[in-house]
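Report on the structure
Given next are the chains, with one letter for each unit.
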Amino acid sequence: MLSMRGVSYRYPGYARQVLQDLDLEIAPGDIVGLVGRNDAGKSTLCLVAAGLAPASIGGTLTGEVRVDGISTVGRPTHELAASVGLVFQDSNTQRSGVTATVFEEVALGSVNLGRSVAETVRRTRDAMATLRIEALADRDPARLSGGQAQLVAVASILAMGPRLLVLDEPTAQLDPEGTRLVGAALRDLAATGTALLIAEHKTDLLDGLCSRIIALDGGRIALDGPAASVLEDPALAAIGVESPARVRLARAATERGLTIPAGAFAR
Amino acid sequence: MSERSARRRADGIDDATTAPPPGADQLSEADAAYLAGLAPATPTAYHRQNPLTKATAATMATLGAFVLGGYVGPLAILVLGVVPGAIVAGLLGRLVRLAALISLPIAVSVALVSVFTRAGETVLFVIGPFDATLEGVDFAAQIIVRLFVIAMALGLFGLTTDPRALVVDLERRGVPPRVAFAAAATLETIPAMIERAQTIQAAQRARGLDTEGSLGARVRGVMPLVGPVILSSLTEVEERSLALEVRAFGRPGRRHLLWTLPDSGRQRLVRWLLVGLFLAVAVGRVSGSLPAPL
Ligand SMILES: Nc1ncnc2c1ncn2[C@@H]1O[C@H](COP(=O)(O)OP(=O)(O)OP(=O)(O)O)[C@@H](O)[C@H]1O
Ligand SMILES: [Mg+2]
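Nothing here was measured: the structure is a model prediction, and the numbers come from that model.

With that settled, consider the site of ligand 1. Residues and elements named next belong to chain A. Inspection of the region around ligand 1 gives 15 residues, with Arg16, Asp39, Lys42, Ser43 and Thr44 positioned closest. Separating an oxygen atom of ligand 1 from a backbone N or O atom of Ala40 is a distance of 3.2 Å. Between ligand 1 and Ser43, the relevant distance is 2.7 Å, taken from an oxygen atom to a side-chain nitrogen or oxygen of the residue. Bound to the protein, ligand 1 loses 69% of the 630 Å² it would expose on its own. The residue makeup of the shell around ligand 1, split by class, is four nonpolar, six polar and five charged.

See below:
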């Protein structure tokens, strides 16, 4: 679905390579978690994976980014948008600014894809129901709480039905309930064959969700492997990522000489 | 061909984009009613005019006021065109206040500059090295009248048209969505800019910047706001275009919009009449067959 080979990227007007020599492969149904400290390059990788960098924001890309086997270079973003969805880190960035209600905001992408009204309505309703934001349908998208805006942002991409969905910290502003809802929605989506790339600081969320975790450090891949092994890797702390609670709990118990029955803190 | 679709064709609207799209038969009555309710509210007959009709009226009034010049022409446009529209829309008072507010700052500077710098025979009074002439006053007054008429015409359009309705309508007529959306996004940044100025001001005040107190202090306090407001608004436009791109905005081809605004053959006729009237006046003015501006 997504394949990156030897990808390096530099923002326009900057000398520094923000991403350096990345290799990444995501298959349909995969849920890949992306972790790393602030500044590691997670958001940049999301922009590159969705084809917005360099196509829309400029900069220099070397290496190869392919979606469905076709290079993203030179493909217009509206064309990529039919298969790749991107949810921005800042949900305010996501807001189109041209709709008066949340319903129309969520429907916008589907309308732009040329779907029939009935199908757009159905997808819009489904996406809003998945994230339990039906009650917001008639609200002004510019006047939402941070968490509500984030759910609307996710819904507005879900309604487009992308086959690769890239989410940049989709739960940063969400309460535990909202975080669980997004997690469950993403799991259901992957079960239908959608490939997911999720940048996230909340490793507890990734723990139960991801099949694979990639840890970025200084724009390079520091760790890459099955979710359980990366999240339990002691090297995670050195690159500024906190392991999930269950890992820290098990570690603390072991340090204090308690014997933990195998599997007591399983995922 | 039904009468309705014949009329639509006559309106130059592609039937394919407005006729019930495939699958619309599956749309329940309740859904159809819900979608119709999403269209912007149109409380009066003037609001109900198609956005393009209102835009044409505003544009022709603006250009007409320019081309005619003098007092009689622009005032005729105001009294015969804009004011009746505003009365029908039920917002004459609001419109006059808005237009005065918009034109006041420009009017003051135009008055200051032209009254004192315009050469002329009849000196009215002298302040220092400057003498105010009758010709200067006349010139300034003409510009201010034109300015006010234009502000009224554009204000009437702005107050009676949801920018989103214009976008939807332009898009339906085949205007590139990028152009249509850019217009609405730009309009949308104006309230956003005001809001942001307040946020930045609150943040800077929290850091001890004086934005209250004497006038001098307030001016000094506002200056550091200007940079951040303009810069963050530029980023905003940049961000917005990314947001639109990930929603497949700009994708060529047909779209099935959630709601559309009615148009009619009569409105189409009115639009062409307005354009024709303007062209006649412009030609008359250029060829000299119209009397000089009064
Ligand atoms: N538009 C831009 N232009 C220039 N440099 C940028 C731009 N956006 C990000 N950068 C730089 O790229 C580097 C990586 O930023 P990025 O946003 O990808 O990090 P991140 O891992 O997402 O961090 P966070 O956890 O804070 O979201 C940073 O040094 C940042 O300054
Ligand atoms: Mg980021």
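On to the pairing of strand β9 (residues 212–217) of chain A. Residue and element names in this part refer to chain A. Where burial is concerned, most of β9 is hidden: five out of the six residues are buried. Pairing between strand β3 (residues 31–35) and β9: four bridges, direction parallel. Bridge pairing in β9 places Val32 opposite Arg212. Where β9 and strand β10 (residues 220–226) come together, six bridges link them in antiparallel fashion. Across the sheet, the residue bridging to Ala215 is Leu223, located in β10. Taking the residues between adjacent antiparallel strands as the criterion, β9 and β10 are bridged by two residues, where Gly218 takes a positive phi near 55 degrees.

This part is about the coordination of the magnesium ion (ligand 2). Around the magnesium ion (ligand 2), the protein supplies Ser43 of chain A (OG) and Gln89 of chain A (OE1) as donor atoms, at distances of 1.9 to 2.2 Å. Taken together, the residues Ser43 of chain A in helix α1 (residues 42–49) and Gln89 of chain A in the loop between β6 (84–87) and α3 (91–94) connect sequence positions 46 residues apart.

Residue and element names in this part refer to chain A. Residue position: Leu45 is located in helix α1. In this structure Leu45 comes out as buried when scored by relative accessible area, which is 2%. With 15 residues separating them along the chain, Leu45 and Asp30 place their C-alpha atoms 17 Å apart.

Moving on, we get to helix α5 (residues 51–68) of chain B. All names here are of chain B. Its 18 residues give α5 an end-to-end C-alpha distance of 25 Å, which sits within 8% of 26 Å, the value for a rise of 1.5 Å per residue. Inspection of α5 places Pro51, Thr53, Lys54, Ala55, Thr56, Ala58, Met60, Ala61, Thr62, Gly64, Ala65 and Leu68 among the buried residues, and these make up the whole buried set. The secondary structure elements touched by the buried residues of α5 are α4 (45–48), α6 (72–89), α8 (134–160), α9 (163–172) and α12 (265–287). With a side-chain oxygen positioned 2.9 Å from the backbone nitrogen of Leu52, the residue opening α5 is Asn50.

This part takes up the sheet that holds β10 of chain A. Residue and element names in this part refer to chain A. The strand order across the open sheet formed by six strands is β6-β7-β8-β3-β9-β10, and the pairing between neighbours is mixed. Whereas interior strands pair on both sides, the edge strands pair on one side only; in this sheet they are β6 and β10. Taking the axes of each pair of neighbouring strands and ignoring which way they run, one obtains an average angle of 15 degrees across the sheet. Most of the contacts of helix α6 (residues 146–158) go to β6, to which it runs at about 175 degrees, and overall it touches β6 and β7 (164–168). This element, helix α7 (residues 176–191), spans β3, β7 and β8 (195–199) of the sheet and lies at about 150 degrees to β8.

Let us look at the packing of aromatic side chains. Overall, the coordinates contain two aromatic pairs over all chains when judged by the stated rule. Judged by centre distance (5.2 Å) and plane angle (80 degrees), the ring pair of Tyr9 of chain A and Tyr11 of chain A falls under edge-to-face. With centroids separated by 5.0 Å and ring planes inclined at 75 degrees, the aromatic side chains of Phe103 of chain A and Tyr34 of chain B adopt a geometry described as edge-to-face. Here the residue Phe103 of chain A occupies a position in helix α4 (residues 102–112), and Tyr34 of chain B occupies one in helix α3 (residues 29–38), the pair thus bridging two chains. Take Tyr34 of chain B: its relative accessible area is 22%, and that puts it in the partly exposed class. When the ring centre of Tyr34 of chain B is taken as reference, the NZ or CZ atom of Arg125 of chain A above it lies at 5.6 Å.

Right, let's talk about the environment of Val117 of chain A for a bit. By the element assignment, Val117 of chain A lies in helix α5 (residues 117–130). Taking the C-alpha atoms as reference, Val117 of chain A lies 21 Å from Gly97 of chain A; in sequence the two are 20 residues apart.

So, on to the pattern of salt bridges. Residues and elements named next belong to chain A. For the structure shown, the criterion picks out 19 salt bridges over all chains. A salt bridge links Asp224 to Arg212; the shortest N-O distance between them is 3.1 Å. Here Arg212 lies in strand β9 and Asp224 lies in strand β10, a separation of twelve residues in the sequence. When its relative accessible area of 41% is taken as the criterion, Asp224 is described as partly exposed. In this structure Arg212 comes out as buried when scored by relative accessible area, which is 19%. Note that Glu232 is salt-bridged to Arg246, the shortest N-O span being 2.8 Å. On the criterion of sequence distance, the pair formed by Glu232 in the loop between α9 (227–231) and α10 (235–238) and Arg246 in helix α11 (residues 245–255) is long-range, its members being 14 residues apart. Looking at Glu232, the relative accessible area reads 39%, which means it is partly exposed. Residues participating in the shared-partner salt-bridge network are Arg115, Glu119, Arg122, Arg123 and Asp126.

All names here are of chain A. With respect to the helices and strands, the residue Ala199 is situated in strand β8. For the pair formed by Ala199 and Ala81, sequence separation is 118 residues and the distance between their alpha carbons is 19 Å. Each residue touching Ala199, except ones within four places of it in the same chain, is listed here: Leu34, Lys42, Cys46, Leu167, Asp168, Glu169 and Pro170.

Below, the discussion takes up the sheet that holds strand β2 (residues 19–26) of chain A. All names here are of chain A. Pairing in this open sheet of four strands is antiparallel, and the strands run β2-β1-β4-β5 from one edge to the other. Edge positions in the open sheet fall to β2 and β5 (70–71), since each of these has one partner strand only. As paired elements, strand β1 (residues 2–10) and strand β4 (residues 60–67) share seven bridges and run antiparallel to each other. Its bridge partner being in β4, Tyr9 is matched across the sheet by Leu61. Sheet strands in contact with α1 are β1, β2 and β4, and its direction is about 120 degrees off that of β1.

The rules we used
Residues numbered from 1 in each chain as written. Chains lettered and ligands numbered in written order. Predicted model: local features only at pLDDT ≥ 70, side-chain atom pairs only at ≥ 80, totals over all residues. Heavy atoms only, no water. Near = heavy atom within 4 Å. Polar contact = N/O pair within 3.5 Å; in protein donor to acceptor, adjacent residues only side chain to side chain. Areas by Shrake-Rupley, 256 points an atom, 1.4 Å probe, with all protein chains shown as cover. Nonpolar A, V, L, I, M, F, W, Y, C, P; charged D, E, K, R; others polar. Buried < 20%, exposed > 50% of the residue type's maximum accessible area, 1.4 Å probe, protein only. Helix = DSSP H or I, 4+ residues; strand = E, 2+ residues; numbered from the N terminus. Pairing = 2+ DSSP bridges. Donors = N, O, S within 2.8 Å, 3.2 Å for Na, K, Ca; no water. Expected span 1.5 Å × (residues − 1). Contact = heavy atoms within 4.5 Å. Axes fitted to C-alpha atoms, helices over the stretch in contact; angles between N-to-C directions. Phe/Tyr/Trp six-rings, centres within 6.5 Å; stacked < 30°, edge-to-face > 60°. Lys NZ or Arg CZ within 6 Å of the ring centre and 35° of its normal. Salt bridge = Lys/Arg side-chain N within 4 Å of Asp/Glu carboxyl O.

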